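What follows is each chain in one-letter form.
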Amino acid sequence: MTAPTQEMKQTQKKKKIALSGIKPTGTPHVGNYLGMIKPALELVKDYQTLYFIADYHGLTTIRDKREMKQHTYEVAATFLALGLNPDEVIFYRQSDIPEVFELTWVLSCFTGKGWLNRAHAYKGAVDANTAAGHDTDDGINAGLFNYPVLMAADIILFNADVVPVGQDQRQHLEMTRDIANAFNYVYGDTLVPPEALIREEVAIITGLDGRKMSKSYGNTIELFAASKQLRKQVMRIVTDSRTPEEPKNPDENNIFNIYKHFATPAMIAENRKKYTEGGVGYGDLKQELFELLDETFTEPRERYNELMANRKEIDAILNQGAEKAHRIARKTLSKVRRRIGID
Ligand code: TRP
């Protein structure tokens, strides 16, 4: 290989920045993979990418130190096992970058409190309290309330142009833009207002029961479950009682909804036909889906298990990422401090 020319370096520099965070709140599942991990990894060739584990966002709900550690390693190992190359992607733990928290404070001074009142997660918690006849803010910590500001700091600190996220994060990205603009309005062009990158076709991945696949619904298929468990989970997909001969609507079927993300177009077309015309049973498609998932994830599963058994390797990778991230973070933060007159 020859050394990069000046011109190549310049084109590299011009790449837009994509950044995203994932909370360490549960063992990664197929919904996380399709909705976030896979699209994020596909951006690596066209963007300068930064991906991080949002552990301090996790602290708004996690109350168990073993869980925090375990899930943090699981998320890291998942990305690495699925092909994240730490020489290409800046991959780090949010908590390793103290500048994030300093910027959070600065940005909170440019965030309307009313905006936070209207943030979905907080508003949902308030509505639940109201419905239950409890005090409005019962059991709600200020971390949950300030969550969107921390997220804005995650993004703004690294000058991200685009943020690949799921549909549920759209409002957070709008707030991030509003916050960046509010700062820029006072101090002139300083912060980059980011764009959400939401892939509509994978916006909602349904789980075993047809609701959004989510740990809180207990309807997930774990990414790296051993074959036997994987098969069990797939067999639990909820279906109606139609016989193999009866025609079925593939678009309203919990098996098909997951299957279509993994099968080739030809396989999808074939099963779509069989479904519509009748002649295939749910058990057959479940078996096919299981085999497909098992095959897709066999290699990453091995790498995942290797990494989980060797956490020092994960630590070393994340530390290396933190160092790189830190360099960018320091620059943005000193610029912000200069602008506001605290330097
Ligand atoms: N809020 C995101 C989620 O729940 C996680 C997250 C935290 C994030 N900081 C971020 C995502 C910055 C994108 C960019 O999934």
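None of these values were measured; they are calculated from a predicted model.

Participant: Describe helix α12 (residues 265-277), with residues and values.
Facilitator: Helix length check: α12 (13 residues) gives 18 Å between terminal C-alpha atoms against 18 Å at 1.5 Å per residue, within 8%. Regarding α12, the residues found buried are Ile-268, Asn-271 and Tyr-275. In a view along the axis of α12, the buried residues occupy a sector of 75 degrees, so they form one face of it. Along α12, exposed side chains directed more than 90 degrees from the buried face belong to Pro-265, Ala-266, Lys-273 and Glu-277. For α12, the elements touching its buried residues are α11 (254-259) and α13 (282-308). Positioned one or two residues after α12, Gly-278 has a phi angle of 90 degrees, which is positive.

Participant: An account of the layout of surface pockets is requested, with residue identities and associated values reported.
Facilitator: The calculated volume of the largest pocket comes to roughly 1,400 Å³. Lys-23, Thr-25, Asp-168, Gln-169 and Lys-212 are, among the 50 residues lining the largest pocket, the residues nearest its centre. Here the element with the most residues in the lining of the largest pocket is helix α8 (residues 142-156); it accounts for five residues. Classifying every residue of the lining of the largest pocket gives 23 nonpolar, 22 polar and five charged. As a volume, the second largest pocket reaches approximately 280 Å³. Around the second largest pocket, the lining is made up of 12 residues, and of these Lys-15, Gln-48, Asp-87, Glu-88 and Val-89 lie nearest the centre.

Participant: Requested: an account of the site of the ligand, with residues and values cited.
Facilitator: Near the ligand you find 14 residues, and of these Lys-23, His-57, Tyr-147, Asp-154 and Gln-169 are the closest. Contacts to the ligand include Asp-154, whose side-chain N or O atom sits 2.7 Å from a nitrogen atom. Note that a nitrogen atom of the ligand is positioned 2.9 Å from one of the side-chain N or O atoms of Gln-169. Across the complex, the protein chains shield 89% of the 360 Å² of accessible surface that the ligand would expose by itself. Contributions of two or more residues to the shell around the ligand are made by β1 (17-22) and α8. With four residues, the top contributor of residues to the shell around the ligand is α8.

Participant: Give me the lowdown on the pattern of salt bridges, citing residues and values where you can.
Facilitator: Counted under the stated rule, the structure contains 16 salt bridges. Glu-42 is paired through a salt bridge with Arg-199; the nearest N and O atoms lie 2.9 Å apart. With Glu-42 in helix α2 (residues 30-42) and Arg-199 in the loop between β5 (195-197) and α10 (227-235), the pair connects residues that are 157 residues apart, well separated along the chain. According to the relative accessible area criterion, Glu-42 is partly exposed, its value standing at 33%. The shortest N-O distance in the salt bridge between Glu-102 and Arg-337 comes to 2.8 Å. Here Glu-102, found in helix α5 (residues 99-108), pairs with Arg-337, found in helix α14 (residues 311-340); they are 235 residues apart in sequence, far enough to count as distant. Its relative accessible area of 31% is what places Arg-337 among the partly exposed residues.

Participant: Describe the nonpolar core, listing the residues and the values that go with them.
Facilitator: One finds Val-30, Phe-79, Phe-91, Ile-221, Phe-262 and Leu-293 to be the most contacted residues of the largest nonpolar core, which totals 59 residues. Residue contacts for Leu-293: discarding those within four places in its chain leaves Val-30, Ile-221, Leu-230, Val-234 and Phe-262. In terms of nonpolar packing, the next biggest core, distinct from the first, is built from 44 residues, Val-106, Ile-140, Leu-150 and Ile-155 among them.

About the cut-offs
- Residues numbered from 1 in each chain as written.
- Predicted model: local features only at pLDDT ≥ 70, side-chain atom pairs only at ≥ 80, totals over all residues.
- Heavy atoms only, no water.
- Helix = DSSP H or I, 4+ residues; strand = E, 2+ residues; numbered from the N terminus.
- Expected span 1.5 Å × (residues − 1).
- Buried < 20%, exposed > 50% of the residue type's maximum accessible area, 1.4 Å probe, protein only.
- Arc of directions from axis to C-beta.
- Contact = heavy atoms within 4.5 Å.
- 1 Å grid on protein atoms, 1.4 Å probe; cavity = no way out; pocket = protein on both sides within 12 Å on 5 of 7 lines; lining within 4 Å.
- Points joined across faces, edges and corners; volume = space filled by probe spheres on them.
- Nonpolar A, V, L, I, M, F, W, Y, C, P; charged D, E, K, R; others polar.
- Near = heavy atom within 4 Å.
- Polar contact = N/O pair within 3.5 Å; in protein donor to acceptor, adjacent residues only side chain to side chain.
- Areas by Shrake-Rupley, 256 points an atom, 1.4 Å probe, with all protein chains shown as cover.
- Salt bridge = Lys/Arg side-chain N within 4 Å of Asp/Glu carboxyl O.
- Core = buried A, V, L, I, M, F, W, Y, C linked by side-chain atoms within 4.5 Å.

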